[in-house]
Each structure stands twice: as structure tokens, then as C-alpha cells.
Amino acid sequence: MRQVWHPRPSPGQRSGAEHVRLEVPARSKDTVNTATPLTEAEILAIRGDFPILSTEVNGRPLVYLDSGATAQKPLSVLDAEREFYERRNSAVHRGAHTLAAEATEEFEDARESVARFVGARPDEIVWTSNATEGINLLAYAFSNASTAGPEFADLALHPGDEILVTELEHHANLIPWQQLAQRTGATLRFIPVDDEGLLVLDDALFTPRTRIVAFSHVSNVLGVINPVASIVAAAHAVGALVVLDACQSVPHLPVDVRALDVDFAVFSGHKMLGPTGIGALYGRRALLNALPPFLTGGSMITTVTMEAAEFLPAPQRFEAGTQRVSQAIALAAAVDYLSAIGMDRVAAHGSAVSRRLIDGLSAIAGVRVLGASGERVGLASFDVPGIHSHDMGQFLDDRGIAVRVGHHCAQPLHRRLGLVSTTRASGSIYTTDAEIDFFLEGVADARTFFGVTP
Amino acid sequence: MSDLDGLYQQLILDHSKTPHGRHPIEDVTASSHQVNPTCGDEVTVSLRVRGDAIEALGWEGHGCAISQASASLLSTLVTGQTVAEATSLLAEFREAMRSRGTIELDEDRFGDAIALNGVSRYVARVKCAMLSWVALERTLED
């Protein structure tokens, strides 16, 4: 049995094989899905639950293809938040009155729902504001390990230790590690990508000095599903801890953090039909309790004197101060909504959206689609030489089509691919074929409008 | 003219494709590099000021049609002007761009640059038009 966590590698590990051989499975192997995509009737019924989808933008029906940035919310999520404030609003984990007890119960039920949704135990789910905060929480907890006392020393990083990320990370899964490396003297290294944007796994990158391996399950720019199993195996073989940025996978794929065998994972509620201001950090229980806290204050302590404090176990250990109660409850409603459809079918729909996007964009002359060959979720980024992404976005917006433009918080990936910015279309369960076709027509027309047609 | 045609007037598209002043200049007296963090667009504006006159303005950078055309129109407009005149044009330009379409640029003072009038109704694009003007402002502050 593998040890609960991996402190500094044992001398035996150090003197063993310097590098671990990586087995890279076929990219589709991890993600075989036999579920049927959503039918047109099902999508139309789903759309009825999202009031914003029947609004107009610039006098045109909204075509929302920016779900990768933030997803729209169904009525059940909006209602859950309102109902909480109308009937049960009170502070959780303090106070003995009836409302406080009901609010606490509902808050903890929400944690259980979200935990079940990703295959975790409730006490392994820490509420955060979003994935960015989850990663920062970890990075600061790791640097606090250097100063929080001898019981945390195993998790402290030292000069010569290595943090491994990838070249395709969102800034949120890069900068906190850059900063942690700076604070501790550790070295930040990265798994590079090829000209298409796909990871180039090299076993030499996983060394006995590798302490943390942080990478995204699905790239927010490419939509490509990364080979989690291979990276986790390589990381664990050298005694490193794995942090998975699951922001773009949890909303679109069945995710089981235990099956993936990651040590930590983060995701954001607002990308998975939930409200803003709520996200979660998953961590294996023993690990969460072995880390020192990041934020300190009320609700996370056992005994406090004027000189010192003792901390509760996870998750309260990391939840100082008044929590995001209505948001957590509404996120549980979002999870219920997705579960009722079934994540296999959500994933099959995403796959169909992706195919239609990639095939359609590839068929337009002069369009470069990024990472087109990988197994992916329902999003695609592309470049049209001669049309800046902001101009493309503006042109599409005039037709009511909302897409993301710019570097999508991934400047290093864009630089590696020789680009400054791209346009990204990203779908969700409410995305129809007709919307994708309308978007594709817009991209083709933009070439005429901006005079880049051959 | 549709809103989109008002934003992307032919003159804007022409300037973005064949920009004026997009080259290095000699004997630079001041320069400023500006970045639009949302899209990564950047521009460096360089000036050669003699006495009170802007003898030359050159710029380099990359960005959307609006930012490229704006830098191009700026170089045409400001070259040969006094520093005081450029400063007052800058203030008027900023006021018009931030007016959400309620203030138009004066054709007698701005010439071809009035093609940028359409930008002010697109709040998200005002930064694109302003990028090179902010760079000019920084160089004049030096």
C-alpha cells in the first residue's frame, strides 16, 4: 500500500532509478464513453431552465459560447440561493437557534453532494471562493509548512526541491507555484507542449527532487483532456504530490478524484452551472490534516489562548470566518442538475459539440484550430491570421454571439504557439447544433468583412 | 451604417493594414511601452522632441484593428505639433472616447482620426483606441 503522503523521498528512492519510464496511453483510452449525446429535444428542454438563454443581445438572440469562462445558471440554482435567504438564512457552525441548525445542516449537506459528485468524502472537500483560491490556499499552506513548527516540516519545500507544472497552465495554476518557489527557494520546472499544444511527457522531468506536480485535467485554451493517469503515476513514483486543476473537467466529464488518484484537486462552481464565489479544494484527508492552515480566524479552532491556537481538522481547518453558505447550497443544486442528466451524457454532448466546432472551423479557409487532434471537451480555440481576436469577438458580438477573446489567462501557451491571442468558443449542456452553425457562419463572414478572403 | 460599420470604418481597416509611423525613429528623446493586459496587445511609442516641437513619432507593437489604426492616426496627427497642442488633443481625445458616443471628435482638429468616433460607444474597446495615446501621454510626462 502506498504511504498516505509522500514526504521527502527516502534514501532508497533517491538511489533507485533516477527517472521513471512513462507510459502514455492512447489519449482516448482514459475517456471511453458509450453514453448517447443529448438529443435536440433534450437540449431544448434544458434551455427552458436557463432564463438568460432566451434574452437578446444587440437585438439578436443570445448565442452563448463562453461557458468555459463562466456557465449560465438554471432556475433551480437561482431558486436554491433565493430560498436559503428567504427561509433559512443564518450563520453556520455557531449559534444554537433553529435557523442556525437548519442552515448548518443544509451547508454540510451541500458539501456531501459536491463530495459525492467528484468521488470524495465530505471531510475532504474544503470550500473556497474558486479554483484560484484553492490553488493559492495550497501554495500558502506549503510555504507555511516551513515556519509552522516541526510537525509540518515534512511538507516544507527547500532549495533544490522542484515543483513541476506544464506549459499550458492557466495563470492560476502557474503563478501561485512561481511564488511558492520564490518563497522557498524551490525550482519551478515545466512539462513542455508540442507545436499543436499537446503535452510532451518526458520521464526526465520527474526526479527524486520533484515535490509537487500541478497540472490541468483539461486545458482551458485547447479543451484537450490531458493524460492524468500517466502523469499521476510518474509523479507518485518519485514521491511527488499531485495537484489537479479540474476547473474545465468537473463541469463536463465524470470526475472521480479517487479513481484518478490525485492528492489534491480544485474546481470552480461558476463554471459548472453554480454561482460565483464558491469553489472547492479536494485533498486526501491525511494530507489536508498534515498541512498547516492558510487563513486563520473564527470557526477553524479548538482552543485559543492569548499566545496560541489549536486548529480543527479539515475541512474547518481551512475555512476561517463566515462561509459562502448560499453559494455552497446553490452549487449543490447545480450538481443535482448535472447528475440528473448524467455526467456520461454531459460528456458525450461535449464531445459532439467539440467535433462540430473542430470540423466546422477546420473547414473554413485560413483558420488555425489549436490542439485539434486531442481528445477534448466542448470547446475550441482558433486563430485567423489577419483578424485579431478582439475584432473577431466584436464581429460575432454584433450577431449576439458571445465568445472569449485574448490569451485566456494562458500567455505562456500562446507564446509557445507563436500567438498573442485567440478566439475561444466553449459550449455547455444547452449548446445546440444550430448555435454552433450560426457561429461558424459568423467566423466565415468575418473573413470577408475584414478583407482577409483570398 | 450599422453599428459595426461605424466602428470599423474603411479608413480604420485601411490604417490597420497599412499603418503610418510604424517604424523606429532616430534620436529618440522619450518613449513609453504600454500593454493591454486583457488581450496582451502592446505598443511602444517613441518621440523626438526638439524645443517645443514633436519632430517625429514612431511606434511599434501589435494588436487589434482599432489599436493599430489608432496608433497610425495618432502618428499622422501629432507629428509636427507642439507638445502643448499634442497635450490638448490628448485630453479632447480621451474625453470623446469616454463619452459613450455623446461627444464627437472635432474634424477641424482631428482630421482623419474622427474615424475613431465609433469606438466610444463600445466601452470594452476604448482601451484599444487609447493604448497608443496613453503611451504618448507617458512620453510627454517625462
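Residues numbered from 1 in each chain as written. Chains lettered and ligands numbered in written order. Predicted model: local features only at pLDDT ≥ 70, side-chain atom pairs only at ≥ 80, totals over all residues.

1. Examining the confidence of the model for chain B
1) Next: Looking at chain B, pLDDT values average 94 and 99% of them are 70 or higher.
2) Next: The ipTM, which scores confidence in the relative placement of chains, is 0.91 for this predicted complex, and the corresponding pTM is 0.91. (pLDDT = per-residue confidence, 0-100.)

2. Observations regarding the environment of E42 of chain B
Residue and element names in this part refer to chain B.
1) Next: With respect to the helices and strands, E42 occurs in strand β2 (residues 41–50).
2) Next: C-beta crowding within 10 Å serves as the criterion here: with 18 such atoms nearby, E42 is assigned to the partly exposed category.
3) Next: Through-space distance from the C-alpha of E42 to that of H23 is 15 Å; in sequence the pair is 19 residues apart.
4) Next: Not counting chain neighbours up to four residues away, the residues in contact with E42 comprise H33, Q34, V35, G61 and H62. (Helix = DSSP H or I, 4+ residues; strand = E, 2+ residues; numbered from the N terminus. Buried ≥ 20, exposed ≤ 12 C-beta atoms within 10 Å, placed from the backbone. Contact = placed C-beta atoms within 7 Å.)

3. Observations concerning the confidence of the model for chain A
Residue and element names in this part refer to chain A.
1) Next: Counting all residues, the mean pLDDT for chain A is 92, and 93% of those residues have values of 70 or more.
2) Next: Low pLDDT (under 50) marks residues 1–21, which in the prediction has 29 contacts with non-local residues, meaning those over four places away or in another chain.
3) Next: In this model residues 23–30 is a low-confidence stretch, pLDDT under 50, and it forms 16 contacts with partners more than four residues away in sequence or in other chains.

4. As for unusual backbone geometry
1) Next: With omega at 5°, the peptide bond leading from A314 of chain A into P315 of chain A counts as cis.
2) Next: Structurally, the position occupied by P315 of chain A is in the loop between β12 (309–311) and α10 (325–341).
3) Next: Non-glycine residue D27 of chain B carries a positive phi angle of around 50°.

5. Thoughts on the domain arrangement of chain A
All names here are of chain A.
1) Next: Considered domain by domain, chain A is made up of domain 1 (31–74 + 342–449) and domain 2 (79–339).
2) Next: A straight line from the C-alpha centre of domain 1 to that of domain 2 covers 28 Å.
3) Next: Taken together, the 31 residues of domain 1 in the interface contact 30 residues of domain 2.
4) Next: Of all the elements in the fold, those that place two or more residues in the side of domain 1 that touches domain 2 are α11 (343–362), β14 (379–383) and α13 (411–416). (Domains from an automatic or database assignment.)

6. A short note on the interface of chain A and chain B
A common measure of how large an interface is: the accessible area buried when the components associate.
1) Next: Residue-level contacts link 15 residues of chain A with 13 residues of chain B.
2) Next: Mapped by element, the contributors of at least two residues to the side of chain A that touches chain B are α12 (389–397) and β16 (404–406) of chain A.
3) Next: In terms of residues, the side of chain A that touches chain B owes the most to one element, α12 of chain A, which gives five residues.
4) Next: A class-by-class count of the residues in the side of chain A that touches chain B yields four nonpolar, nine polar and two charged. (Nonpolar A, V, L, I, M, F, W, Y, C, P; charged D, E, K, R; others polar.)

7. Focus: the nonpolar core
1) Next: In this structure, V114, I329 and A334 of chain A are the most contacted members of the largest nonpolar core, which totals 133 residues.
2) Next: With eleven residues, the single largest contributor to this core is α10 of chain A.
3) Next: Inspection of this core shows a minimum of three residues originating in each of domain 1 (31–74 + 342–449) and domain 2 (79–339) of chain A.
4) Next: If we skip the residues at most four places from it in the chain, V114 of chain A touches I125, A280, L331, A332 and V335 of chain A.
5) Next: Among the nonpolar cores identified, the runner-up in size contains 39 residues, and V43, L77, F93 and A135 of chain B belong to it. (Core = buried A, V, L, I, M, F, W, Y, C linked by C-beta atoms within 7 Å.)

8. Overview of the sheet that holds strand β1 (residues 30–36) of chain B
Residues and elements named next belong to chain B.
1) Next: Reading across from one edge, β1-β2-β3 is the order of the three strands in this open sheet, with antiparallel pairing throughout. A strand with exactly one partner marks an edge of an open sheet, and here the two such strands are β1 and β3 (53–62). The sheet shows a mean angle of 15° between the axes of neighbouring strands, direction not considered.
2) Next: Relative to β2, β1 is paired through seven bridges, and the arrangement is antiparallel. Note that in β2 the partner of A30 across the bridge is L47.
3) Next: Helix-sheet contacts for helix α3 (residues 65–78) involve β2 and β3, and the interaxial angle to β3 is about 170°.
4) Next: Running over the sheet, helix α6 (residues 126–141) touches β1, β2 and β3 and is turned about 150° from β1. (Pairing = 2+ DSSP bridges. Axes fitted to C-alpha atoms, helices over the stretch in contact; angles between N-to-C directions.)

9. Looking at the pairing of β3 of chain B
The side chains of a regular strand alternate between the sheet's two faces.
Residue and element names in this part refer to chain B.
1) Next: As paired elements, β2 and β3 share nine bridges and run antiparallel to each other. Directly across from V45, in β3, lies its bridge partner W59.
2) Next: Connecting β2 to the next strand, β3, in antiparallel fashion are two residues, including G51 with a positive phi near 60°.

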